[in-house]
Amino acid sequence: MKSLGKVFNKALQEETLSSDEISALLHISGGEGQQALFETARTLRHRYFDNFVGLYGFVYFSTYCRNDCSFCLYRRSNATCERYRKTTEEIVTASKFLAESGVNLIDLTMGEDPAYLNAGEKGYEQLVDIVRRVKNATGLPVMISPGVVPKEVLKELKEAGATWYACYQETHNHELFHKLRLHQSYEERWEIKEYARQIGMLIEEGLLVGVGEKLEDAVQSMHVMQELGADQVRAMTFVPQAGTPLAARVQTANHYELNLIAVMRILFPVCCIPASLDVEGIQGLNDRLDAGANIVTSIIPPLSGLQGVSQSTLDIAEGYRTVEGVRPLLSRLGLKPADNELYLSWLKRFEQHREGWKTKEAA
Ligand code: SAM
Ligand code: MD0
Ligand code: SF4
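Please read all numbers here as calculations on a predicted model, not as lab measurements.

A closer look at the overall build of the protein chain
For step 1, the next point in the chain: Within the protein chain one finds 15 helices and nine strands.
For step 2, the next point in the chain: In terms of overall dimensions, the protein chain is globule-like: its C-alpha atoms have a radius of gyration of 19 Å, near the 21 Å expected for 363 residues.
For step 3, the next point in the chain: For the protein chain, the C-alpha atoms occupy an extent of roughly 60 × 50 × 45 Å along the three principal directions.
For step 4, the next point in the chain: Across the 363 residues that make up the protein chain, the buried fraction comes to 58%.
For step 5, the next point in the chain: For the protein chain, long-range pairs separated by at least 24 residues make up 73% of all intrachain contacts whose partners lie at least 6 apart in sequence.
For step 6, the next point in the chain: Carbon and sulfur atoms make up 50% of the accessible area of the protein chain, which amounts to about 15,200 Å² in all.
For step 7, the next point in the chain: On the protein chain, the mean spot of the 39 positive side-chain charges and the mean spot of the 47 negative ones are 1 Å from each other.

Comments concerning the environment of W164
For step 1, the next point in the chain: Inspection of the secondary structure assignment puts W164 in strand β4 (residues 162–166).
For step 2, the next point in the chain: A residue is classified by how much of its surface remains accessible, and W164, at 0% relative accessible area, is buried.
For step 3, the next point in the chain: Along the primary structure W164 and R197 are separated by 33 residues, whereas in three dimensions their C-alpha atoms are 9.4 Å apart.

Notes on unusual backbone geometry
For step 1, the next point in the chain: For L303, which is not a glycine, the phi torsion comes out positive at approximately 60°.
For step 2, the next point in the chain: Secondary-structure assignment places L303 in the loop between β8 (295–299) and α14 (323–332).
For step 3, the next point in the chain: You can call L303 exposed: its relative accessible area is 78%.
For step 4, the next point in the chain: In this structure, D315 takes a positive phi of about 65° despite not being glycine.
For step 5, the next point in the chain: Position of D315 among the secondary structure elements: in the loop between β8 and α14.
For step 6, the next point in the chain: A relative accessible area of 12% means that D315 is categorised as buried.

Quick notes on the site of ligand 3
For step 1, the next point in the chain: Neighbouring ligand 3 are Y60, C65, N67, C69, F71, C72, R75, G111 and R181.
For step 2, the next point in the chain: Judged by the proximity of its atoms to the pocket grid, ligand 3 belongs to the largest cavity.
For step 3, the next point in the chain: Class assignment of the residues belonging to the shell around ligand 3 gives a composition of five nonpolar, two polar and two charged.

Some words on the packing of aromatic side chains
For step 1, the next point in the chain: For the coordinates displayed, the defined rule picks out eight aromatic pairs.
For step 2, the next point in the chain: Seen from their ring centres, F49 and W346 are 4.7 Å apart, and the 90° between their planes marks the pair as edge-to-face. Of this pair, F49 sits in helix α3 (residues 31–49) while W346 sits in helix α15 (residues 340–362), and the two are 297 residues apart along the sequence.
For step 3, the next point in the chain: A cation sits over an aromatic face here: K86 above Y84, 5.1 Å from the ring centre.
For step 4, the next point in the chain: If you follow R349 out to its NZ or CZ, it ends over the ring of F49, 5.0 Å from the centre.

Calculation notes
Residues numbered from 1 in each chain as written. Chains lettered and ligands numbered in written order. Predicted model: local features only at pLDDT ≥ 70, side-chain atom pairs only at ≥ 80, totals over all residues. Heavy atoms only, no water. Helix = DSSP H or I, 4+ residues; strand = E, 2+ residues; numbered from the N terminus. Rg over C-alpha atoms; globule rule 2.2 N^0.38 Å. Buried < 20%, exposed > 50% of the residue type's maximum accessible area, 1.4 Å probe, protein only. Contact = heavy atoms within 4.5 Å. Areas by Shrake-Rupley, 256 points an atom, 1.4 Å probe, with all protein chains shown as cover. Lys, Arg positive; Asp, Glu negative; His and termini not counted. Charge placed at Lys NZ, Arg CZ, Asp CG, Glu CD. Near = heavy atom within 4 Å. 1 Å grid on protein atoms, 1.4 Å probe; cavity = no way out; pocket = protein on both sides within 12 Å on 5 of 7 lines; lining within 4 Å. Sits in = over half its atoms within 2 Å of the grid points. Nonpolar A, V, L, I, M, F, W, Y, C, P; charged D, E, K, R; others polar. Phe/Tyr/Trp six-rings, centres within 6.5 Å; stacked < 30°, edge-to-face > 60°. Lys NZ or Arg CZ within 6 Å of the ring centre and 35° of its normal.

By themselves these figures say nothing about function.
Structure (structure tokens):
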């Protein structure tokens with residue numbers, strides 16, 4: 001605990017931490033050490049975000065997918081899951097509902113649905129149209145999570161109004177990547193994120209937790225994510241899904257995800273870090289915010305037929321995954337929902353940071 005104290009002080013001074021120090025923080029399990037870790041993370045969150053938390057609406061508009069990720073309910077070969085593909089009208093209606101309820105951003109997510117991705121230009125046009133219409137109808141920043149798309153399509157999606165591109169590597173251990181994202185290219189998934197950054201999109205990178213990764217893998221991921229320069233970083237505990245190869249795998253206790261959230265806050269203090277409702281629902285929100293997250297994600301309109309990813313139905317029909325559903329907990333924690341203007345000022349700050357990096361790189 002004594003030497004950990006030094007690490008916490010370095011963290012508060014925003015000094016660079018070594019791999020050993022990152023590893024020591026990730027190793028903390030329970031007790032005083034963990035409380036001190038979370039407190040350090042909250043202090044840093046407060047420095048950049050005050051008592052405000054962003055809220056992201058989630059519209060998973062198609063659950064058809066051409067891929068076969070071993071961890072995912074919606075993998076191509078899972079015949080046991082019921083799929084849907086919402087119409088553009090339905091997508092716009094759900095997005096408007098979310099905007100009116102007070103979210104700061106709409107996350108438009110799909111499986112790698114062949115109807116959009118393999119249908120040639122027509123499919124892509126439809127995707128671009130969805131982004132344009134959601135942007136126009138809500139006026140909010142749009143995040144897209146369509147999986148891997150060709151570069152020229154990503155550019156069009158940006159021009160249609162997408163601010164963010166979310167695409168998670170899950171792990172930066174290549175061997176593990178290929179066990180998780182079967183038959184997919186590590187490089188292709190990585191390069192499209194770098195490209196998104198180059199063309200001025202904000203990007204989100206993410207880790208899957210409890211899928212056989214080692215602690216050293218997580219340490220390496222922290223360095224790799226620093227190099228990528230992601231604006232939003234996340235960790236989500238793997239939730240076993242019926243009808244998939246990992247269905248029988250035991251779900252890891254949440255403490256490791258919480259450590260990762262806190263460590264990410266320490267290493268990426270200005271970045272957005274989600275507390276996802278998609279892992280343990282409303283019940284898991286307290287711990288994730290306590291660990292230093294500053295965004296509640298996976299807010300879903302109830303009774304819309306829309307689903308989550310890793311918790312496809314948990315807390316949705318009950319209306320807990322809504323702005324009203326999370327408000328009481330936020331106020332118990334002394335936190336407040338950000339208004340849209342404040343959220344936009346955070347995005348501006350990312351741009352300024354990038355300008356700073358560019359000047360440094362050029363010097
Ligand atoms: N199909 C696109 C893709 O894979 O990039 C967009 C969907 S994206 C929202 C799906 C993400 O949810 C994955 O990258 C993974 O991090 C997370 N996820 C999926 N299944 C999960 C599970 N069973 N448990 C935890 N997280 C999961
Ligand atoms: C979430 N269910 O935020 C969403 C999803 C996709 N960009 C995000 C994993 O938890
Ligand atoms: Fe498809 Fe995304 Fe699920 Fe992989 S994680 S099977 S790409 S929906």
